[in-house]
Amino acid sequence: MLDLQTPKTGGTMTDYSEKAALILKEHRESIDRLDAILIYTLGERFKHTQSVGKLKATYDLPASDPKREAQQIDRLEDLAKRADLDPKFATKFLNFIISEVIQHHKKQQK
Ligand SMILES: O=C(O)C(=O)C[C@]1(C(=O)O)C=C[C@@H](O)C=C1
């Protein structure tokens, strides 16, 4: 990964902005790769929750499990701290996904 340093001697503004453009491109390529990982990972997660939904519908189990969610939130907060990610954001993100899953479960129960 390139890094941007202010040219002290010799470098022109054109050199500087060409380098900045290259660094931006590299970051965006990494972001695109990571976004793809996120999407594929979410797809895998939803495959499992779909199976869980089927199981819950078959055995007449409740769509949501607040005790399990509390454990997931605790674990995720800890992971987020270690990953240098805002734990509040991580919690919000998980709650967003889980509420979508619960909607899917409820539809499967109809
Ligand atoms: O583990 C379950 O029981 C699920 O239905 C999965 C899941 C989740 O998406 O992680 C969704 C709803 C529950 O409230 C808890 C967890």
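In the block above lies the structure referred to throughout.
These numbers come from a predicted model, not from an experiment.

Asker: Could you clarify how one ought to interpret the site of the ligand in this entry?
Answerer: By nearness alone, 14 residues border the ligand, and Lys56, Asp65, Glu69, Gln72 and His105 come closest of all. Between an oxygen atom of the ligand and a side-chain N or O atom of Arg45, the distance comes to 2.8 Å. Protein contacts shield 90% of the accessible area of the ligand, which totals 360 Å² for the unbound molecule. Broken down by secondary-structure element, the contributors of at least two residues to the shell around the ligand are α1 (13-58), α2 (66-82) and α3 (87-109). Residues that form the shell around the ligand fall into these classes: five nonpolar, four polar and five charged.

Asker: What is the right way to read the nonpolar core from this model?
Answerer: The nonpolar side chains of a soluble globular protein tend to be buried, and buried together. Core analysis: the biggest nonpolar cluster contains five residues, these being Ala63, Ile73, Leu94, Ile98 and Ile102. When residues of this core are assigned to their parent elements, the largest contribution, three residues, is made by α3. Other than its neighbours up to four places away in sequence, Leu94 contacts Arg45, Gln72, Ile73 and Leu76.

Asker: Looking at this structure, how should I read the layout of surface pockets?
Answerer: Over the atoms rolls a probe the size of a water molecule, and in doing so it shows where empty space is left. In this structure, the largest pocket occupies an estimated 290 Å³ of space. Along the walls of the largest pocket sit 15 residues, with Thr49, Arg68, Gln72, Val101 and His105 positioned nearest its centre. Secondary structure elements with two or more residues in the lining of the largest pocket: α1, α2 and α3. The element that contributes the greatest number of residues to the lining of the largest pocket is α1, accounting for five residues. Across the lining of the largest pocket, the residue classes tally to five nonpolar, five polar and five charged.

So, how was this worked out
Residues numbered from 1 in each chain as written. Predicted model: local features only at pLDDT ≥ 70, side-chain atom pairs only at ≥ 80, totals over all residues. Heavy atoms only, no water. Near = heavy atom within 4 Å. Polar contact = N/O pair within 3.5 Å; in protein donor to acceptor, adjacent residues only side chain to side chain. Areas by Shrake-Rupley, 256 points an atom, 1.4 Å probe, with all protein chains shown as cover. Helix = DSSP H or I, 4+ residues; strand = E, 2+ residues; numbered from the N terminus. Nonpolar A, V, L, I, M, F, W, Y, C, P; charged D, E, K, R; others polar. Core = buried A, V, L, I, M, F, W, Y, C linked by side-chain atoms within 4.5 Å. Buried < 20%, exposed > 50% of the residue type's maximum accessible area, 1.4 Å probe, protein only. Contact = heavy atoms within 4.5 Å. 1 Å grid on protein atoms, 1.4 Å probe; cavity = no way out; pocket = protein on both sides within 12 Å on 5 of 7 lines; lining within 4 Å. Points joined across faces, edges and corners; volume = space filled by probe spheres on them.

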